[in-house]
Amino acid sequence: MTTTLEMPPRPAETTSTATPTTAHRQTLGRAIHSEWIKIRSLRSTWIGMATVVLVMIGLGSLSAAVSTGSVAAPGDGGGPLGGGGPLSTVLAGADFAVLLIGVLGSLAGAREYSSRMISATVAAVPRRWQVVAAKAIVLAAVVIPTALIGVMGAFGAGMGILSASDAATVALTDDGVLRSVLGMAGYVTAIALLGLGLGILLRSTAGSIGAVVGGIMVLPTVAGALLPDSWDTVLRFLPSSAASSFTTVMSAGDSTLSAGAGVAVLAAWVAAALGAAAFAITRRDV
Amino acid sequence: MIELQQLTKKYGDKVAVDGISATVRPGVVTGFLGPNGAGKSTTMRMIVGLDRPTSGTALVNGRPYAASRAPLAEVGALLDAKAADGGRTARNHLLALGATVGIGKRRVDEVLASVGLTEVAHKSAGSFSLGMGQRLGIAAALLADPEVLILDEPVNGLDLDGIQWIRALLTELADEGRTVLLSSHLMSEMQLVADHLLVIGQGRILADTSIEGFIEESSGGSRVVVASPDAGALARLLTGDGVVLTTREPGRFEVRDLTAAEIGDVAAEHGLRIHELTPVTASLESAYLELTRDRVEFTATAQHPARTDRTARTARPATDDTTKAA
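Residues numbered from 1 in each chain as written. Chains lettered and ligands numbered in written order. Predicted model: local features only at pLDDT ≥ 70, side-chain atom pairs only at ≥ 80, totals over all residues. Heavy atoms only, no water.

Draft legend 1. Just the overall build of chain B, in detail. A tally of helices and strands in chain B yields 12 helices and 13 strands. Burial statistics for chain B: of 326 residues in total, 52% are counted as buried. Per element, the accessible surface of chain B, about 13900 Å² overall, is 53% carbon and sulfur. (Helix = DSSP H or I, 4+ residues; strand = E, 2+ residues; numbered from the N terminus. Buried < 20%, exposed > 50% of the residue type's maximum accessible area, 1.4 Å probe, protein only. Areas by Shrake-Rupley, 256 points an atom, 1.4 Å probe, with all protein chains shown as cover.)

In structure tokens form, the structure reads like this:
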């Protein structure tokens, strides 16, 4: 951030203050800096992120401990990546963490509308797409490390508990494991950004939380149960179903998308939400 | 310099701002006056691009606000003192805003000191009283040392110290050659601080004039309140060319366009008794009420556009309350 190019200072004009104030050109970089100050100066950011990490590691460890109590034998017959395999056991907290991060993302987007801070924000950054871009970049910068710490922590702790009880374990170097673990971190990040976009788009904390939670948790289940099988092709393109193609531990219905296609579909959802947010914030009155 | 050109804002069928054109000049404090819902805030919001005009343009220093290189250094605006996140400290709030134009800690601390918030700089904005929130909003407006200041009701919630401080501040800023536009519903406050007036009613500019000119013009000249037991006789004697009498209560009336001396002379000449003879200096408040009331009446009787203002005033029942003017 300190390497941002400085514009030459304005010639010192009359000022009402002791020291001359030199304002610089408003750039995307400065908008990002501003959003960084905003996000780090809210205690709720850090409480939220800590909770996400704790949920992932805590629920993962709990799940591992429970499974070693019930499924004691190591066994060499069953594939480790099966439905109840060690990986999905240690990432048991991911479902809840995704939900939580969706809420935090929605808050990051809608919060300024409920506090009315948004007027000050868009007055300071009138090229408003920059507000959306800066918020997305800053949120991703906070969520990515959080998600990585969460999944890696859950993996390490969970596998430690499993191996201490001589239960089946997998290593990161095993086929597809690292991809699933990193994919889960990516999914967490994507849902945070989806929430952010919806929060800005809907300008309502409650509305955007409802939309994210509904879209991730409720819609796939309800639609899968109520719609005829012919709709399954469409349902694969829901965010949670797309994510299950590369996280493999999600249980949001049958996914037949390839991992690459799943990533692309999820990225498209994020891009659509942020794009719609940028379009809306630019077009409408604050 | 702020230039409004045919600026219009419609919400559906409702016209909030109706094609207003005006120039707000640097070097003076311009007061923006109008009843609730007249379009003051909407106009101010359009100047800084918060609301999008239905048609027309608002230019700041010759270009749209959104085209500004360093927006906060172009216009400092206080439009909504509550526009701060309650969970963030005052200092962090200003740091975040300042960062958009590369303004850092030193200036933020300086501005906090100048608005008197240094001691609560690390308290969350949510814990602030109305007056402290207002000071924070003013700090945000001053942060990047802007050439144009737009303040919507800045004295709202300020204590006496704060009001005197902002009065001096606005005058100082204008003296430095800045453009200062402020709205206030406190007419007396406006009279103290503003040099120029923009009066708006129902989305249209009703007056764009100096404050003295406005009072002179809108109040229809000087007035004298007369109390006399011989009111009837005196009134008959006084009624003449362009002289307007308004009866306020039995034995008491108001005269326009005659001085107290002239009225006293007439009374003495005819041996009529006078118990009270008070020249009334019109206040901005009464001038303003006069103007906006005419505006309301005019729209209510728009099917009779031929009537003149002066005759309409004579015919009006005596509900005037100008005597409270100092």
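Draft legend 2. Structural view of the overall build of chain A. For chain A, the helix and strand inventory stands at 11 helices and zero strands. Overall, chain A shows an N-to-C arrangement of helices and strands of α-α-α-α-α-α-α-α-α-α-α. Out of the 286 residues belonging to chain A, those deemed buried represent 48%. Long-range contacts, defined as pairs at least 24 residues apart, comprise 77% of the intrachain contacts of chain A with a sequence gap of at least 6. A total accessible area of about 12600 Å² is found for chain A, and carbon and sulfur atoms account for 68% of it. (Contact = heavy atoms within 4.5 Å.)

Draft legend 3. Up close: the interface of chain A and chain B. Listed as interface residues are 41 residues of chain A and, on the opposing side, 44 residues of chain B. Carbon and sulfur atoms supply 48% of the area buried between chain A and chain B, which totals about 3600 Å² over both sides. Scanning the region where chain A abuts chain B turns up three salt bridges. Ionic pairing is found between B:Asp80 and A:Arg116, a salt bridge with its closest N-O pair at 2.7 Å. At the junction of chain A and chain B, the tally comes to 18 residue pairs in polar contact (both at pLDDT 80 or more). When residues of the side of chain A that touches chain B are traced back to their parent elements, those giving at least two are helix 1 (28-40), helix 4 (94-115), helix 5 (117-124) and helix 11 (259-283) of chain A. With seven residues, the single largest contributor to the side of chain A that touches chain B is helix 1 of chain A. (Buried area = accessible area lost by both parts, 1.4 Å probe. Salt bridge = Lys/Arg side-chain N within 4 Å of Asp/Glu carboxyl O. Polar contact = N/O pair within 3.5 Å; in protein donor to acceptor, adjacent residues only side chain to side chain.)

Draft legend 4. Quick peek at the packing of helix 4 of chain A against helix 6 (residues 129-164) of chain A. Residue and element names in this part refer to chain A. Packing of helix 4 against helix 6 leaves a shortest axis separation of 12 Å and a crossing angle of 150°. One finds that helix 4 runs roughly antiparallel with respect to helix 6. Judged by the sense of rotation from one axis to the other, the crossing of helix 4 with helix 6 is right-handed. Along the contact surface, helix 4 presents Ile 101, Gly 105, Ala 108 and Glu 112, while helix 6 presents Lys 135, Leu 139 and Val 143. Per-class residue counts for the contact of helix 4 with helix 6 are four nonpolar, one polar and two charged. (Axes fitted to C-alpha atoms, helices over the stretch in contact; angles between N-to-C directions. Parallel < 35°, antiparallel > 145°, perpendicular 65-115°, else oblique. Left-handed = near helix turned anticlockwise from the far one by under 90°. Nonpolar A, V, L, I, M, F, W, Y, C, P; charged D, E, K, R; others polar.)

Draft legend 5. Structural detail: the pairing of strand 6 (residues 148-152) of chain B. All names here are of chain B. Burial analysis of strand 6 places five of its five residues in the buried class, which makes it a mostly covered element. Of the two faces of strand 6, the one carrying Val 148, Ile 150 and Asp 152 and the one carrying Leu 149 and Leu 151 are both buried. Relative to strand 6, strand 5 (residues 75-78) runs parallel, the two sharing four bridges. Considered in strand 6, the bridge of Gly 76 is made with Leu 149. The pairing of strand 6 with strand 7 (residues 179-183) spans five bridges and is classified as parallel. Residue pairing in the sheet places Ile 150 in a bridge with Leu 181 of strand 7. Once you follow strand 6 into helix 6 (residues 160-175) and on to strand 7, the crossover reads as right-handed. (Pairing = 2+ DSSP bridges. Right-handed = clockwise from strand over helix to strand, strands pointing away.)

Draft legend 6. Spotlight on unusual backbone geometry. In this structure, B:Asn61 takes a positive phi of about 50° despite not being glycine. Inspection of the secondary structure assignment puts B:Asn61 in the loop between strand 4 (55-60) and helix 2 (71-74).

Draft legend 7. Region of the structure containing the pattern of salt bridges. Summed over the entire model, instances satisfying the criterion amount to 18 salt bridges over all chains. A network of salt bridges, in which partner residues are shared, links A:Glu35, A:Lys38, A:Glu112 and A:Lys135.

Draft legend 8. Structural detail: helix 8 (residues 205-226) of chain A. All names here are of chain A. Remark: the principal bend of helix 8, roughly 50°, maps to Gly 214. Check the buried side of helix 8 and you find it contacts helix 4, helix 7 (177-202), helix 9 (232-235) and helix 10 (239-247). One side-chain oxygen of the residue at the start of helix 8 lies 3.5 Å from the amide nitrogen of Ala 206, identifying that residue as Ser 204. (Bend = angle between axes of the 7 residues up to and from the residue.)

Draft legend 9. Structural context of the sheet that holds strand 9 (residues 204-210) of chain B. Residue and element names in this part refer to chain B. Spatial strand order, 5-6-7-3-8-9: six strands in an open sheet with mixed pairing. One side of each edge strand has no neighbouring strand; the edge strands of this open sheet are strand 5 and strand 9. Strand after strand, the sheet turns through a mean of 15° between neighbouring axes, direction not considered. Against the sheet, helix 6 makes contact with strand 3 (29-33), strand 6 and strand 7, and its axis sits at roughly 150° relative to strand 7, the strand it touches most.

Draft legend 10. Looking closely at the sheet that holds strand 12 (residues 252-256) of chain B. Residues and elements named next belong to chain B. The four strands lie next to each other as 11-12-10-13, forming an open sheet whose pairing is antiparallel. The outermost strands of the open sheet, each flanked by one partner alone, are strand 11 (245-249) and strand 13 (276-280). Sheet twist, expressed as the average angle between the axes of neighbouring strands with direction ignored, equals 20°. Helix 9 (residues 231-238) rests against strand 10 (223-227), strand 11 and strand 12 of the sheet, and its axis sits at about 15° to strand 12. Each of strand 10, strand 12 and strand 13 is contacted by helix 10 (residues 260-269), which is oriented at about 160° to strand 13, the strand it contacts most.

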